[in-house]
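# Survey of secondary and tertiary structure
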Amino acid sequence: MKKSIYAVFDIGKTNKKLILFDEQQQIIDEQLHVCTDVLDDDGFDCDHLPRLTEWVLRHWQDLRQSPHYTVKGVNFTAYGASFVHLGADGQPVAPLYNYLKPIPDEIQQQFYAELGQSPDEFAADTCSPQLGMLNSGLQLYWLKYAKPELYARIHTSLHLPNYLSYLLTGEKFSDYTSVGCHTALWDYQRRQYHDWVRREGIDEKLAPLTKDSIASVVDGIMVGVGLHDSTSAVMPYLAENDEPFVLISTGTWSVTINPFNSQPLTPELLRRDCLSFLTPRGEATRASRVFLGREHDYQVERIAAFFHVKPDFYRSIVLARPYDETSTLFTPACMAGTGPFPDQPAADWDLSGFRSASDAYQHLMHGLINILLESIHLVWQGEKTIFVDGGFARNPLFMQTLSWNFPKAEIRTLEVPQATALGALVHLEQGEAWKKTQLLFT
């Protein structure tokens, strides 16, 4: 007898994964695909769209024909700020341009000159700091004026998660989570596309927005619309908790997400590295970020070299010490222009005042937590539960020091393997179409 499963394509910049879940949302298989970059039409690195497309379609066919599995549903999560541009025949007409690709200065200057509002006001309206191609709406503006012949061939532009859904269904949709991730497309105040999108005719290239998570049913299989990976990673926590919470997702960047804070951003909050995302239902969610993991790793290397110890020395330190006022004041080296203190210049932290690598590391953790606290408080509204996931959730000094600073809140870790992929599954099961077609599965 075939096993009933769900499939999620989780597409990162480096690793592409197909993850299979059983009906109890437990992972039963995981397949990894590393897709080597190619060069776009300007010679800049980009994802190999034909190879990615072939990989997804091949696995889709294998799943449908599998002698072992009956697929109930499939969904997609992918990195944001990336468009696939389709021609009138439904085939891609352009490379999958890299969101790190620079936009020519003259194009950006022209864009902001024609806005009719200051860059700060525009950033506040769209919750999109000036991030070049990471403002994916500007990619379409750039194509219109820098590559007009190519732009004229574009019939529909789909964000990457929605393109993957389209491959399986032929249905073209835009989802709110992709439109709302610092794209410069969405006016958060008016809850619609910003005026410039219509003025430039960009809206004519965009697929209809949907709040449902289901794009179509293909041979009895629910196929999701797809969603942005940052939003997807929060979904399992929302599914498990009825009370308000904050999620601190740690890694190279530490991103604090408050799904219950929909307050609009100000230019000052944007300057201090706050962002807003849209939920799948089109509601605003506030987040803040800090370059925590990068700073930690950089300083650990310095400490190890200074005290002639192994680079992983800190892993044996399990008990945090209270803050020592007499220690050398911590100064970050990797955070200039980012985080809650964007004006703080990069500096060399003086290690000569410490007796040992352990002493220096204790102070490093307090210094990092003090910066993170400022970032957290930009989005925190007194929620009683704070979740921590990612690498720092397994660092006892980090967890202890963080908890000291929130005596009235519960600091928790919730081990969610492949949280981003699981979030896409949770999202799929919340679809209106799902509820209307349950008879297909009985």
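Residues numbered from 1 in each chain as written. Predicted model: local features only at pLDDT ≥ 70, side-chain atom pairs only at ≥ 80, totals over all residues. Heavy atoms only, no water.

## Quick look at the pattern of salt bridges
- The full count for this structure, using the stated rule, is 18 salt bridges.
- A salt bridge links Lys-72 to Glu-23; its shortest N-O distance comes to 2.4 Å. A residue pair is termed long-range when its members are at least 10 positions apart, and Lys-72 in strand E6 (residues 69-78) and Glu-23 in the loop between strand E2 (15-21) and strand E3 (27-34) qualify at 49 residues.
- The partly exposed category is assigned to Glu-23, whose relative accessible area is 39%. (Salt bridge = Lys/Arg side-chain N within 4 Å of Asp/Glu carboxyl O. Helix = DSSP H or I, 4+ residues; strand = E, 2+ residues; numbered from the N terminus. Buried < 20%, exposed > 50% of the residue type's maximum accessible area, 1.4 Å probe, protein only.)

## Side note on the sheet that holds strand E18 (residues 274-278)
- If you walk across this open sheet you meet the 6 strands as E18-E19-E17-E16-E20-E21, and the pairing is mixed. Edge positions in the open sheet fall to E18 and strand E21 (410-412), since each of these has one partner strand only. Shown here is a sheet whose adjacent strand axes are inclined to one another by a mean of 25°, direction ignored. (Pairing = 2+ DSSP bridges. Axes fitted to C-alpha atoms, helices over the stretch in contact; angles between N-to-C directions.)

## Regarding unusual backbone geometry
- Phi at Gln-25 takes a positive value of approximately 65°, unusual for a residue other than glycine.
- You can see Gln-25 is positioned in the loop between E2 and E3.

## Remarks on the UniProt feature "domain: Carbohydrate kinase FGGY N-terminal" (unreviewed entry) in the protein
- The feature "domain: Carbohydrate kinase FGGY N-terminal" (unreviewed entry), as given by UniProt, occupies residues 6-196 in the numbering adopted here.
- The span residues 6-196 shows a helical share of 35% and a strand share of 26%, and its end C-alpha atoms are spaced 40 Å apart. (UniProt positions renumbered as here; feature names shortened; annotations may be inferred.)

## A short note on the packing of aromatic side chains
- Enumeration over the complete set of coordinates arrives at 27 aromatic pairs.
- Ring geometry for Phe-9 and Trp-55: centres 5.8 Å apart, planes at 85°, overall edge-to-face. With a gap of 46 residues between them, Phe-9 in strand E1 (residues 3-11) and Trp-55 in helix H1 (residues 49-64) connect regions that are remote in the sequence.
- For Phe-9, a relative accessible area of 0% corresponds to the buried category.
- Of the residues examined, Trp-55 reaches a relative accessible area of 3% and is grouped as buried.
- Centroid distance Phe-9 to Phe-76: 5.7 Å. Interplanar angle 15°. Geometry classified as stacked. (Phe/Tyr/Trp six-rings, centres within 6.5 Å; stacked < 30°, edge-to-face > 60°.)

## Examining the pairing of strand E13 (residues 214-218)
- Among the 5 residues of E13, 4 are classified as buried, and the element is accordingly described as predominantly covered.
- Alignment of E13 against strand E14 (residues 221-224), held across 4 bridges, turns out to be antiparallel. Bridging across to E14, Ile-214 finds its partner in Gly-224.
- If you look at the hairpin formed by E13 and E14, you'll find 2 residues sitting between the two strands, and Asp-219 has a positive phi there, around 50°.

## Quick notes on the packing of H1 against helix H6 (residues 160-169)
- It is at 10 Å that the axes of H1 and H6 come closest, and there the two elements cross at 50°. As summarised for this structure, H1 and H6 are arranged oblique, according to the angle between their axes. The two elements H1 and H6 cross, and the hand of that crossing is right-handed. For the pair H1 and H6, contact is made by Leu-49, Leu-52, Thr-53, Val-56, Leu-57 and Trp-60 and by Leu-160, Tyr-163, Leu-164, Leu-167 and Leu-168, respectively. (Parallel < 35°, antiparallel > 145°, perpendicular 65-115°, else oblique. Left-handed = near helix turned anticlockwise from the far one by under 90°. Contact = heavy atoms within 4.5 Å.)

## A short note on the side chain of Thr-385
- As for its placement among the helices and strands, Thr-385 is situated in strand E20 (residues 385-390).
- Judged by relative accessible area, which is 14%, Thr-385 ranks as buried.

## Regarding helix H14 (residues 419-429)
- Counting buried residues along H14, 10 of its 11 residues qualify, which places the element largely inside the surrounding structure.
- Along H14, the residues that are buried comprise Ala-419, Thr-420, Ala-421, Leu-422, Gly-423, Ala-424, Leu-425, Val-426, His-427 and Leu-428.

## Points about helix H12 (residues 357-377)
- Taking 1.5 Å of rise per residue, the 21 residues of H12 would be expected to cover 30 Å, and the 30 Å separating its terminal C-alpha atoms lies within 8% of that figure.
- The buried fraction of H12 amounts to 17 of the 21 residues, a majority that puts the element mostly inside the structure. (Expected span 1.5 Å × (residues − 1).)

## Section: the nonpolar core
- One finds Ile-303, Phe-313, Tyr-361, Phe-398 and Leu-402 to be the most contacted residues of the largest nonpolar core, which totals 42 residues.
- Residue contributions to this core peak at 11 residues, all from H12.
- Setting aside residues up to four positions removed in sequence, Phe-398 forms contacts with Thr-250, Leu-292, Met-365, Ile-369, Leu-372, Val-388 and Phe-392. (Core = buried A, V, L, I, M, F, W, Y, C linked by side-chain atoms within 4.5 Å.)

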